[in-house]
Amino acid sequence: MTLHDTIKNWITCTLAIEGDFVLEYPADMVYGDFASNVAMVMAKNIGKNPRELAEEFAEKLRVARIPEIFDVEVAGPGFINFTLSPGIFSDVVEKIISVGPTFGEHSHYSGKRIIVEYTQPNVFKEFHVGHMMNNVIGEAVSRLIEAEGAEVIRATYHGDVGLHVAKAVWGLQNMEVDTGVNVKTLGQAYALGAKLFEIDGKAKEEIIAINKKIYEKSDDEINLLYEKGREISLHYFESMYTRLGSTFDHHFYESQSGEMGKKIVLEYLEKGIFEKSDGAVIFPGEKYGLHTRVFLNSEGLPTYEAKEVGLMHIKQDLFSPFDQSITVTANEQNDFFRVVEKSLEEIFPELHDKLLHLSHGVLKLPSGKMSSRTGDVLSAENIIDMLSDAAREKIKNGVLGDAEKNDIAETVALGALKFTILRQAIGGDIVFDKEKALSLDGDSGPYLQYATVRAKSILVRAKEALGIASGETQPEAMPRALNSWKVTNLERLLERFPSIISRSAKEYAPHYLVTYVTELASEFNSFYASHKIIDLDDPTSLYKVSLTRAFVDVMTSGLHLLGIKVPEEM
């Protein structure tokens, strides 16, 4: 239970109330550590003046005060503000250092099994910035849910059959390849096939025929091109997952889900869930306030919709029972998933309320959106390399070797990208600005990394100057704040970390954590500017070092949950 939960339960029990009220952190810490609208909510219910009721509630809470609370005050039209006892903050600092990386984690989701499906690159296509954006969001959401105690099954889903594959195979057959088949030529082949499919009737017929042959595995030459391209793609994807810092527990493939989906759709066609229309099989979404979509085309082949049905059947076979299945995709698939999820609930009633489509916007460059269909693609690899090169130019440490500089540059580049993707609420489009992303002036990934690296360097100097360990000090040896110590906003922010994790996980909203670590880094920089941390003549110096170490631990943990590493040097 977090401190937030403890205080909210105390308010509920002390006031003997029923109803939902808010206990939140005030925007300005001058108003205390927590604020509640409990009096305003209850006043509306009983028709009483909210300010007067707030005064009554505040007095009851002062009488029944718990050790965690130092003061209770009424503000504005009826808010109640709470100030925590100073000793709470020494306890928090001590606990952070004691438990290390697990500080802030909870067991709220203990016993829950949650599938998170994300990234989903299609074979024969490049791993583009959309896949990277999806991967960053899916990984952050997975880590946050895990921090709340859930068992998370990370999965990705590859389109390894379908018209896009047939277009690429046709492209390989009809283009000159001098260097052999590789990731780049696969992308070029797909772009060629996609273009000719739209403007050349003969090419379109050939691509449709190839698509059927791939499903049937009836042509040796096509099978060879298909298997080679598929292998190259999947190997390339694994290298990108490693680079981005993610791993998957399971890989799903449309070649597996397609046949299963077709079988299920035909079965439930007989049961009235699906209908026939012009030789195809459809789900009549209008019956449910949605729109109709085709699940089997006129040639009897499963569409993406039917493949999703097969995929869910496979997920159930492998991972049931599970509490939730989350699918992360771009928001251009919102309508698709509304219909598919409704069809799944009709087929599998036990999935009601267990399916969640988490949709995000797209990452744009100032020049606009990119398209793999036209070949106008900036791959994830391109953008990471571009940022890494720019970051490397900013490294001025002449002692570092080339390998170390390259590692730091890539860590900083990935931190910049991930921060940019996660800093705003999931759903909106993002325009990526390279200079802002790599800035050390604040509100960027490198700014957070630099603040943490600088704090770690202070701990190293403290070890030398004060004779204490920067990372191995036993918790019982950590000095507590003296009575003369005035609690700082840095300590107040450190206390909030567990609640921020809980909210971010509950709402699938990493941007809350991004905002928090940005504020925390800024507050540490202010603390560093106004306090001499290492001072042999200052009796509070050891506590300030402990506070610095607590900051490093929380920042490192918070950034880890966002998928951002902290380099050793910058």
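The model shown is predicted, which means the values in this text are computed figures rather than measured ones. (Residues numbered from 1 in each chain as written. Predicted model: local features only at pLDDT ≥ 70, side-chain atom pairs only at ≥ 80, totals over all residues. Heavy atoms only, no water.)

A.B. asks: Explain the sheet that holds strand S9 (residues 280–283) to me, please; I cannot follow it from the model alone.
C.D. replies: Each strand in a sheet pairs with its neighbour through backbone hydrogen bonds, running either in the same direction (parallel) or in the opposite one (antiparallel). Pairing is antiparallel in the open sheet, where three strands are placed in the order S8-S9-S10. One side of each edge strand has no neighbouring strand; the edge strands of this open sheet are strand S8 (275–277) and strand S10 (293–296). Going from strand to strand, the sheet's axes swing by 50° on average, the running direction of each strand aside. Both S8 and S9 contribute to a ladder of three bridges, which runs antiparallel. Within S9, the residue paired with Glu275 across the bridge is Ile282. (Pairing = 2+ DSSP bridges. Helix = DSSP H or I, 4+ residues; strand = E, 2+ residues; numbered from the N terminus. Axes fitted to C-alpha atoms, helices over the stretch in contact; angles between N-to-C directions.)

A.B. asks: Even after reading the chapter, I still don't get the environment of Gly261, so can you show me in this structure?
C.D. replies: Here Gly261 shows up in helix H10 (residues 254–270). Under the relative-accessibility criterion, Gly261 is labelled buried at 0%. Taking the C-alpha atoms as reference points, Gly261 and Val309, 48 residues apart in sequence, are found 5.1 Å from one another. Contact partners of Gly261, with chain neighbours within four places excluded, come to Ala306 and Gly310. (Buried < 20%, exposed > 50% of the residue type's maximum accessible area, 1.4 Å probe, protein only. Contact = heavy atoms within 4.5 Å.)

A.B. asks: Sorry, what's going on with a nonpolar patch on the surface here?
C.D. replies: A surface patch of nonpolar side chains, about 250 Å² in accessible area, is lined by Leu440, Tyr450 and Met570. Note that Leu440 resides in the loop between helix H15 (434–437) and helix H16 (445–466). (Patch = residues over 30% accessible without salt bridge, like charges linked within 9 Å, V, L, I, M, F, W, Y side chains within 5 Å. Areas by Shrake-Rupley, 256 points an atom, 1.4 Å probe, with all protein chains shown as cover. Salt bridge = Lys/Arg side-chain N within 4 Å of Asp/Glu carboxyl O.)

A.B. asks: Is there a simple way to think about the packing of aromatic side chains in this case?
C.D. replies: For any pair of aromatic rings, the description consists of the separation of the ring centres together with the inter-plane angle of the planes. Here the structure, examined in full by the defined rule, presents 20 aromatic pairs. For the ring pair Trp485 and Tyr543, a centre distance of 5.4 Å and an interplane angle of 75° mean the geometry is edge-to-face. Highlighted residues: Trp485 in the loop between H16 and helix H17 (489–506) and Tyr543 in helix H19 (residues 541–561), separated in sequence by 58 residues. According to the relative accessible area criterion, Tyr543 is buried, its value standing at 2%. Each residue in the set Tyr118, Phe127, Tyr236, Phe237, Tyr241 and Phe248 is aromatic and connected to the rest through ring pairs, giving one cluster. One residue, Arg230, lies across the ring of Tyr253, its end atom 4.6 Å from the ring centre. Over the ring of Phe322 we find Lys354, and its NZ or CZ is 5.9 Å from the ring centre. (Phe/Tyr/Trp six-rings, centres within 6.5 Å; stacked < 30°, edge-to-face > 60°. Lys NZ or Arg CZ within 6 Å of the ring centre and 35° of its normal.)

A.B. asks: For this particular structure, what's the right way to read the environment of Glu117?
C.D. replies: Along the polypeptide, Glu117 turns up in strand S5 (residues 113–117). Exposure remark for Glu117: the relative accessible area of 1% places this residue in the buried category. Linking Glu117 and Thr515, residues 398 residues apart in sequence, is a C-alpha distance of 25 Å. Not counting residues within four places of it along the chain, the set of residues in contact with Glu117 comprises Ala155, Thr156, Tyr157, Leu311, Lys315, Ile326, Thr327 and Val328. One polar contact links Glu117 to Gln120, side chain to side chain, over a distance of 3.0 Å. (Polar contact = N/O pair within 3.5 Å; in protein donor to acceptor, adjacent residues only side chain to side chain.)

A.B. asks: Can you walk me through the pattern of salt bridges in this structure?
C.D. replies: When their charged atoms lie close together, side chains carrying opposite charge are able to pair. All chains considered together, the criterion is met by 29 salt bridges. For the salt bridge of Asp160 with Arg230, the shortest nitrogen-to-oxygen distance reads 3.0 Å. Here Asp160, found in the loop between strand S6 (151–158) and helix H6 (163–173), pairs with Arg230, found in helix H9 (residues 220–244); they are 70 residues apart in sequence, far enough to count as distant. For the pair shown, Asp160 and Arg230 are each scored as buried. In this structure, Lys271 engages Glu267 in a salt bridge whose closest nitrogen and oxygen atoms are separated by 3.4 Å. When its relative accessible area of 38% is taken as the criterion, Glu267 is described as partly exposed. Taken together, the shared-partner salt bridges in this structure form one network comprising Glu139, Arg143, Glu146 and Arg154.

A.B. asks: How should the sheet that holds strand S1 (residues 23–24) be read in this particular structure?
C.D. replies: Within the open sheet, the four strands sit side by side as S1-S2-S4-S3. Their pairing is antiparallel. Edge positions in the sheet fall to S1 and strand S3 (69–75), since each of these pairs with one other strand and no more. Along the sheet, helix H3 (residues 50–63) makes contact with S3 and strand S4 (79–84), crossing S3 at roughly 170°.

A.B. asks: I keep staring at the packing of helix H7 (residues 183–199) against helix H8 (residues 201–216) and nothing clicks. Help me out?
C.D. replies: Working note: a packed helix pair is described by the angle between its axes plus the distance between those axes. Packing of H7 against H8 brings their axes to within 6 Å, and their N-to-C directions diverge by 120°. Put simply, H7 runs oblique to H8. The hand of the H7/H8 crossing is left-handed. Taken together, the residues of H8 that come into contact with H7 (itself represented by Gly193, Leu196, Phe197 and Ile199) are Gly201, Ala203, Lys204, Ile207 and Ile208. Residue composition of the contact of H7 with H8, by class: six nonpolar, two polar and one charged. (Parallel < 35°, antiparallel > 145°, perpendicular 65-115°, else oblique. Left-handed = near helix turned anticlockwise from the far one by under 90°. Nonpolar A, V, L, I, M, F, W, Y, C, P; charged D, E, K, R; others polar.)

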